[in-house]
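# Structural overview
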Amino acid sequence: CRTADVTGLSPEAQRRLDYYYLEAVKSDLAGRPDDAFELYKHCLEIKPDAAEAHYHLGVYYMNLDDSARCESHLSEAVALAPDNVQFKEALASFYLHNRNKAKAVPVLEDMVRCNPARSDVLAQLVNIYMDEGEYHKAIHALDRIELLEGRNMSVSMEKFRLYRELKEDEKAFAELEALAMDNPNDLSYRVLIGEQYLLAQQPEKALAVYREVQQREPDNQALLLSLLDYYKQTGQDSLYHAQLDDLLYGKKLDS
């Protein structure tokens, strides 16, 4: 980090600013935060809009749990240096620490606009959107994570649950179908779809998926266990007990 480009300072004032800023950083690194604090304050006396000095003072006040002064300095640093990701991360962390999601969201969204590859920031936004019940925004953020990282179980299941919350079952199951198509040789993904149909009180669709898997891989362990749940939920006691005995005493499942 260095002092911001200075306008309106004489060469002498610029040299003084650089000197005191460097001394402040050295004091920070040497474990003398109080000395650093005074030096950063002096930097602002030389140049009131020195973004780096505002940032460091904000961090100092954060460590003191002085929320008002912390926010003032960090938000000023971001305003003065809007392209500095480090400043935005500090401000977003401050808002999240203080559970101020309303102010954290614009900062996080701006970070993603500046760097669309920040899947970690997108994940933070997903959690906030979900907490606030903004499920469509959460799904949009998950879509962007998926573009960056590829389709995977975690993201697909999260989107599935959100679509289910929105009563958009067709889109929900489409997410699982896409996941299964990406993994055609792993039939556990097909079994997962059947399990979700069963949980959604749609046993007919669940059975159709199970029969499809059964034709291709009759001893699939995930299928055998899921069929046990299917027989129990649909009240087919004789088939349930027969399946249970087969699982307990047969050799189709590993230990």
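No experiment lies behind these values; they were computed from the predicted model shown.

## Things to note about the overall build of the chain
- When you go through the chain residue by residue, the secondary structure sums to 14 helices and zero strands.
- Along the chain, from the amino end to the carboxyl end, the secondary structure elements read α-α-α-α-α-α-α-α-α-α-α-α-α-α.
- By the compact-globule yardstick of 18 Å for 255 residues, the chain is too spread out, its C-alpha radius of gyration being 28 Å.
- Based on the C-alpha atoms only, the size of the chain along its principal axes is roughly 90 × 35 × 30 Å.
- Expressed as a percentage of its 255 residues, the buried residues of the chain come to 39%.
- Contacts in the chain between residues far apart in sequence, at least 24 positions, make up 37% of those at least 6 positions apart.
- Element-wise, carbon and sulfur atoms account for 49% of the exposed surface of the chain, whose accessible area totals about 14,600 Å².

## Digging into the pattern of salt bridges
- If you walk through the whole model with that rule in mind, you get 23 salt bridges.
- Between E175 and K159 there is a salt bridge whose closest N-O contact spans 3.2 Å. Note that E175 is positioned in helix α10 (residues 169-182) and K159 in helix α9 (residues 153-165), a separation of 16 residues in sequence.
- The class of K159 is buried, set by a relative accessible area of 2%.
- Between R190 and E212 there is a salt bridge whose closest N-O contact spans 3.1 Å. Note that R190 is positioned in helix α11 (residues 188-199) and E212 in helix α12 (residues 203-216), a separation of 22 residues in sequence.
- Judged by relative accessible area, E212 falls into the partly exposed class, the value being 30%.

## Re the packing of aromatic side chains
- Across all of its chains, the model carries eleven aromatic pairs by this definition.
- Centroid distance F37 to Y61: 5.7 Å. Interplanar angle 85°. Geometry classified as edge-to-face. Highlighted residues: F37 in helix α2 (residues 33-46) and Y61 in helix α3 (residues 51-63), separated in sequence by 24 residues. When sorted by exposure, F37 lands in the same class as Y61, which is buried.
- Joined through ring pairs, the aromatic side chains of F37, Y60 and Y61 make up one cluster.

## Side note on the environment of K103
- With respect to the helices, strands and loops of the structure, K103 is situated in helix α6 (residues 101-114).
- Using a relative accessible area of 39% as the deciding quantity, one classes K103 as partly exposed.
- Expressed as a C-alpha distance, the spacing of K103 and L91, which sit twelve residues apart in the sequence, is 9.4 Å.
- In contact with K103, not counting residues within four places along its chain, are E71 and Y95.
- A polar contact of 2.8 Å, which involves the side chain of K103, links it to the side chain of E71.

## With respect to the packing of α6 against helix α7 (residues 119-131)
- Contact pair α6 / α7: the axes reach a minimum separation of 10 Å and the direction vectors enclose 145°. For α6 against α7, the interelement crossing comes out left-handed. The residues of α7 that touch α6, namely those facing K101, V105, L108, E109, M111 and V112, are V121, L122, Q124, L125, I128, Y129 and D131.
- Here the contact of α6 with α7 is built from residues that sort into nine nonpolar, one polar and three charged.

Definitions and cut-offs
- Within any chain, residue numbers begin from 1 and follow the written order of that chain's sequence.
- Totals for whole chains, interfaces and linings use every residue, but because this is a predicted model, local features are given only for residues with pLDDT of at least 70 and side-chain atom pairs only at 80 or more, for both listing and counting.
- The basis for the side-chain values is all heavy atoms of the structure; hydrogens and waters are excluded.
- Secondary structure elements follow DSSP: runs of H or I of four or more residues count as helices, runs of E of two or more count as strands, with numbering from the N terminus.
- This radius of gyration counts C-alpha atoms alone. The globule rule is 2.2 Å times how many residues there are, raised to the power 0.38.
- Each residue is placed in one exposure class: buried if its accessible area under a 1.4 Å probe, protein chains only, is under 20% of its type's maximum, exposed if it is over 50%, and partly exposed if it falls in between.
- Residues are treated as being in contact if the distance between any of their heavy atoms lies within 4.5 Å.
- Only the protein chains shown count as cover for residues, and the accessible areas themselves come from Shrake-Rupley with a 1.4 Å probe.
- The working definition used for a salt bridge is a side-chain nitrogen of Lys or Arg within 4 Å of a carboxyl oxygen of Asp or Glu.
- The aromatic pairing rule takes the rings of Phe, Tyr and Trp, using the six-membered ring of Trp, and pairs them if the centres are within 6.5 Å, calling planes under 30 degrees apart stacked, those over 60 edge-to-face and the rest tilted.
- Throughout this description, a polar contact denotes any pair of N or O atoms lying within 3.5 Å of each other; where both atoms belong to protein, one of them has to be capable of donating a hydrogen while the other can accept it, and for residues adjacent in sequence the pair is counted only when both atoms sit in side chains.
- Axis definition: a line fitted to C-alpha atoms, over the contacting stretch in the case of helices. Angles run 0 to 180 degrees between N-to-C directions.
- What makes a crossing left-handed is the near helix being turned counterclockwise from the far one by less than a right angle; a clockwise turn instead makes it right-handed.
- All amino acids are sorted into three groups, where Ala, Val, Leu, Ile, Met, Phe, Trp, Tyr, Cys and Pro are nonpolar, Asp, Glu, Lys and Arg are charged, and the leftover types, Gly among them, are polar.

In short, the description is geometric, and any link to function would need to be established separately.
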